[in-house]
Amino acid sequence: MRIAFIGNPNVGKSALVNAIAGTRLHVGNWPGVTVEKKEATFTFEGEEVKLVDLPGTYSLSSYSIEERVTRDYLLNERPDVVIDVVDATHLERNLFLTLQLLELGIPVVLALNVWDEAKERGIEIDTEALAGILDVAVVPTVATSGEGVGALLPTARRMAAERPATVAEYNQACRDAAAAERPHVAHYGPLVDPEVRLLGEALHRDAAEVVERVPCRWLAVKLLEGDEGTQALLDGAATTLLKQVGEQRRRIEALAGDDPATLISDGRYGFSKGVVAEVIRQRPIDRRDLTELIDRVVLHRWLGIPIFFAMLWFVFHTTFDGAQPFVDFINQVITGPVERWFLVGLTAIGAPDWVASLVSEGVIGGAGFVLTFVPILFFLYLFMGILEGSGYMARAAFVMDRFFHAIGLHGKSFIPMILGFGCNVPAVYATRSLDSYRDRVLTSLLIPLMSCSARLPVYAVFVAAFFVDQRGTVIFSLYLLGILLAVGMGFIFKRSLFRGDAPVFVMELPPYRFPTLRSLMLYVWEKLRSFVRKAGTYILATSVVIWFFLNLPWGVQNPADSYFGKVAGGVAPIFAPVGFGSWQATGALLTGVIAKEVVVSTMGEIYTPEPEAATAPPEVAEEIAQIGRGFVVACRDSVVAVLAGLHLFPAPEQQPPPSALAKRMRTAFTPLTAIAFMVFVLTYIPCVVTMAAMGQELGWRWTAFAAAYLLTLGWSLAFLTYQGGRLLGFA
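Thresholds applied
Residues numbered from 1 in each chain as written. Predicted model: local features only at pLDDT ≥ 70, side-chain atom pairs only at ≥ 80, totals over all residues. Heavy atoms only, no water. Helix = DSSP H or I, 4+ residues; strand = E, 2+ residues; numbered from the N terminus. Buried < 20%, exposed > 50% of the residue type's maximum accessible area, 1.4 Å probe, protein only. Contact = heavy atoms within 4.5 Å. Areas by Shrake-Rupley, 256 points an atom, 1.4 Å probe, with all protein chains shown as cover. Right-handed = clockwise from strand over helix to strand, strands pointing away. Axes fitted to C-alpha atoms, helices over the stretch in contact; angles between N-to-C directions. Parallel < 35°, antiparallel > 145°, perpendicular 65-115°, else oblique. Nonpolar A, V, L, I, M, F, W, Y, C, P; charged D, E, K, R; others polar. Core = buried A, V, L, I, M, F, W, Y, C linked by side-chain atoms within 4.5 Å.

K.L.:
Explain the overall build of the protein chain residue by residue, including any values.
P.N.:
Looking only at helices and strands, one finds 34 helices and 9 strands in the protein chain. Counting every position in the protein chain, which comprises 731 residues, the buried fraction comes to 53%. Pairs at least 24 apart in sequence give 76% of the contacts found in the protein chain among residues at least 6 apart. Summed over all atoms, the accessible surface of the protein chain reaches about 31,600 Å², with 61% contributed by carbon and sulfur.

What follows is the structure in structure tokens.
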């Protein structure tokens, strides 16, 4: 049994799917597009069930990629049943999509989600009356607590067994005059309804093959709306039928004085309003809405932007305070017991010295070192998940709308940029939700200035070496710099390459909800799994390749004379004016084009000390016990550090000693060159995967332009940082 989940954005659909599927949910992309695809397959009461979480959409038109993906799946795959997730607190608006689903002839289960919030607001819904009017099954649910979730699958199976199995059977039922007037199908008025029936007969006559696989009434309504995506379904009958459709549309417009699409939309909303009037009774309650009270502050004209930046500062400050003890703990484990166990094992089997060097410097010093930053990403994704799940990120886009109008964009463009804090690749793909090609190009050119999570380990290395006491502030400043640079470059582009007025911005602000621990952990797990997978695959492969190039020609004593050192040394003079003209720093930047995490793994290899010979077998039991004690200490230190950072607890008098890498970097960099290096990492060319995404979305001409301007901007800013700092006496 295939069950499709559909619903408007921000109705809790994903939370409901997670409540049913949990960790069995697999995330990928729809074939041919980059909109996220979520599926889960499992056994329910002896029957195999496949859940498909369709993209959130308001309609089944073809104006956006999300609408097309959803509509194509429902038409071509035709699931056994659709679970339509609606917000019980905004039933009238959500029914606009429900009415379109009913015209597809697929059995529908209406999941009235956030049922608890509806009751708190005094909204009483007669579920039996609603089910009778729409001829659907209705199940009240609360995804966050699991209330009603257990009834969804049994109800879906019952509905699937009671309805027509094929499109042809459904169309045959609709051809009957009485069935065509079914009360659960929206009426569009005395001008439109006769034209729908007339066009339906023409479709049966002239496009019989089409209506064997496409619901006839739905197709007729969409053709009268002027939906271009639907016209492509007519195949060979297009010429004759499109001529008739054009005549019918002109006839409706002449009689009504308005276009058919508006009349049909008004009909759906009018029907929804009538349904709500029949099934909802609003009890008067004496209380202020919490969402409204919070929005009066966070959406304030003057306070909104400072609150947003204060929120970012809190996130980064707390992230590093809480994560640093775990970073130190994992680093000690990897460079201590783990490395020692590997070397002892290699010695025991008689492995040559170069294999020990490869494992110590290439694997552990490279890819293994990247894994030490998992705690930082865990805390960052945790906070980002809370901000997204609570509904605040939608407010951030709304608040930044006025800010973005100065650069010819609107707040909707800020949503892909927010995604860029996680990864630039999905952020570039997310620009598909923007309406105009101009907006998509301009937003994509600015997204690489959003500091992605892959850059975070680079910053962490330098703040651990030079700015331990100011780590949160330094990281926040870099993220803030990226936002300000995006605004500045957007301002320049608006007055040169992208002249024109900024479009109007309209978006829905969901009510505030605190995400459940389960949903948060699933969100964090998906993000961390992707990072660990990268560390264990191409970052590991890149680290091994770099190790070989650092040791070729074979037996080279000075790494500067290796193939890697010579290539990096040839490029190094370019970076001399910006303060880091050594072959080591240049080599790390060159490998960072593959992925920004590789900058860290390369540094780990270059600056890692030679492995010490390990011949005595380690006391494994004692070391495992020591690891356990170290984890407990890290948990304690993390809590203390967070509270101390918020000035709720006295800071520890003694800081942990710096790592071996931090000590080595202090001899290769100064605080000033460290800042210049981080500024360059923030702004220079993004990773190859991001560039490939930009090439796919924008074309290679714009991609080449992005690479050129980002390299120029990065070098210029690093130059100003370093040389300006020297003039001010910070060298």
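K.L.:
Give me helix H1 (residues 13-21): which residues, what numbers.
P.N.:
In an α-helix, one full turn covers 3.6 residues, which means residues spaced three or four apart are oriented alike. What H1 keeps buried is the set Lys-13, Leu-16, Val-17, Asn-18, Ile-20 and Ala-21. Taken from the residues just after H1, Gly-22 is the one with a positive phi, measuring 60°.

K.L.:
A description of the pairing of strand S5 (residues 81-87) should follow, citing residues and the corresponding values.
P.N.:
Counting buried positions over the 7 residues of S5 gives 7, a clear majority of the element. Alternating positions in S5 separate into two faces, Val-81, Ile-83, Val-85 and Asp-87 on one and Val-82, Asp-84 and Val-86 on the other, with burial throughout. Between S5 and its parallel partner strand S6 (residues 108-113), the chain crosses via helix H3 (residues 91-102), and the hand of that crossover is right-handed.

K.L.:
Can you explain the packing of helix H11 (residues 216-225) against helix H14 (residues 260-279)? Please cite residues and give values.
P.N.:
Here H11 crosses H14 at 130°, and the two axes come no closer than 7 Å. When the axis of H11 is compared with that of H14, the two are oblique. Across the interface between the two elements, Val-221, Lys-222, Leu-224 and Glu-225 of H11 pack against Pro-260, Ala-261, Ile-264 and Arg-268 of H14. Grouping the constituent residues of the contact of H11 with H14 by class yields 5 nonpolar, no polar and 3 charged.

K.L.:
Describe in detail the nonpolar core, supporting the description with residues and values.
P.N.:
One finds Phe-308, Phe-462, Phe-580, Phe-669 and Phe-677 to be the most contacted residues of the largest nonpolar core, which totals 121 residues. Element by element, the count of residues in this core is highest for helix H16 (residues 304-348), at 12 residues. Not counting residues up to four positions away in its chain, the partners in contact with Phe-580 are Phe-575, Ala-585, Thr-586, Leu-589, Phe-669, Thr-673, Ala-676, Phe-677, Phe-680 and Ala-718. With 61 residues, the next largest nonpolar core counts Val-108, Ala-118, Tyr-188 and Val-211 among its residues.

K.L.:
Residue-level account of the environment of Ile-418, with values.
P.N.:
Within the element layout of this structure, Ile-418 appears in helix H20 (residues 411-420). On the basis of relative accessible area, Ile-418 is assigned to the buried category, the value being 7%. Along the primary structure Ile-418 and Ser-451 are separated by 33 residues, whereas in three dimensions their C-alpha atoms are 9.7 Å apart. Contacts of Ile-418, omitting those with residues within four sequence positions, involve Phe-308, Met-384 and Met-393.

K.L.:
Please provide a residue-by-residue account of unusual backbone geometry, values included.
P.N.:
With phi around 50°, Glu-45 is a residue other than glycine that occupies positive phi space. Inspection of the secondary structure puts Glu-45 in the loop between strand S3 (36-44) and strand S4 (47-53). Of note, Arg-78 is a non-glycine position whose phi angle comes to about 45°, a positive value. Inspection of the secondary structure assignment puts Arg-78 in the loop between helix H2 (65-77) and S5. For Arg-78, a relative accessible area of 16% corresponds to the buried category.

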